[in-house]
Amino acid sequence: MKLTVCIALLLGILASAQDDKQLFAELKKADSLLFEACFNRCDFKTLNEITHKDLRFLHDVAGMQNKAEFTEAVKKNICGNGAGILTRKPVEGSFKVYP
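Residues numbered from 1 in each chain as written. Predicted model: local features only at pLDDT ≥ 70, side-chain atom pairs only at ≥ 80, totals over all residues. Heavy atoms only, no water.

A.B. asks: How do you make sense of the packing of aromatic side chains when you look at a structure like this?
C.D. replies: Here a ring pair, both rings aromatic, is described through the centre-centre distance and the interplanar angle of the planes. One pass over the full model with this rule turns up 3 aromatic pairs. Judged by centre distance (4.8 Å) and plane angle (50°), the ring pair of F57 and F70 falls under tilted. Taken together, the positions of F57 in strand 1 (residues 56-59) and F70 in helix 3 (residues 67-79) put the pair 13 residues apart, joining distant regions of the chain. Take F57: its relative accessible area is 32%, and that puts it in the partly exposed class. It is K75 that lies over the ring of F44; its NZ or CZ is 5.2 Å from the centre. The positively charged end of R88 is found above the aromatic ring belonging to F35, 3.9 Å away from the centroid. (Phe/Tyr/Trp six-rings, centres within 6.5 Å; stacked < 30°, edge-to-face > 60°. Helix = DSSP H or I, 4+ residues; strand = E, 2+ residues; numbered from the N terminus. Buried < 20%, exposed > 50% of the residue type's maximum accessible area, 1.4 Å probe, protein only. Lys NZ or Arg CZ within 6 Å of the ring centre and 35° of its normal.)

Structural data, given as structure tokens:
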């Protein structure tokens, strides 16, 4: 009986670890797409495609923004002259997911 419970718990932990790896990979891909395409290259077509029509973004200074306000803020504050005011390059190993 104890062995069965231990095996069941171990299988549950292994399944959860696999789910966490998949979640990590999906979120890292989405993070890369958002920052590389949208912020680093100012690709607003991609930004429009990957953000939900009902997007709500809470900015620490500007407050709550809908999709249109968020897009305009990125155009003005991140991309400015069209070439990009800043570039985001993640530090290898710094991306963390806490499911």
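Now that the structure has been shown, the text picks up again.
A.B. asks: Even after reading the chapter, I still don't get the environment of T71, so can you show me in this structure?
C.D. replies: Positionally, T71 belongs in helix 3. What makes T71 buried here is its relative accessible area of 16%. Discounting chain neighbours no more than four positions away, the residues touching T71 are F44 and L47. (Contact = heavy atoms within 4.5 Å.)

A.B. asks: Mind showing me how you'd approach the layout of surface pockets here?
C.D. replies: If a probe as big as a water molecule is rolled over the atoms, it shows which places are left empty. The volume enclosed by the largest pocket comes to roughly 210 Å³. Counting only elements with at least two residues in the lining of the largest pocket, the list comes to strand 1 and helix 3. In terms of residue count, the dominant contributor to the lining of the largest pocket is helix 3 (5 residues). A class-by-class count of the residues in the lining of the largest pocket yields 7 nonpolar, 3 polar and no charged. (1 Å grid on protein atoms, 1.4 Å probe; cavity = no way out; pocket = protein on both sides within 12 Å on 5 of 7 lines; lining within 4 Å. Points joined across faces, edges and corners; volume = space filled by probe spheres on them. Nonpolar A, V, L, I, M, F, W, Y, C, P; charged D, E, K, R; others polar.)

A.B. asks: Explanation requested: the pattern of salt bridges in the structure shown.
C.D. replies: A side chain of one charge can pair with a side chain of the opposite charge when the charged atoms of the two come close. By the definition in use, this model includes 5 salt bridges. We note a salt bridge from K53 to D54, for which the minimum N-O separation is 3.3 Å. Of the residues examined, D54 reaches a relative accessible area of 44% and is grouped as partly exposed. Note that E72 is salt-bridged to K75, the shortest N-O span being 3.7 Å. Separated by 3 residues within a single helix, E72 and K75 lie in helix 3, roughly one turn from each other. A relative accessible area of 48% means that E72 is categorised as partly exposed. (Salt bridge = Lys/Arg side-chain N within 4 Å of Asp/Glu carboxyl O.)

Any functional reading would require information that these geometric values do not contain.
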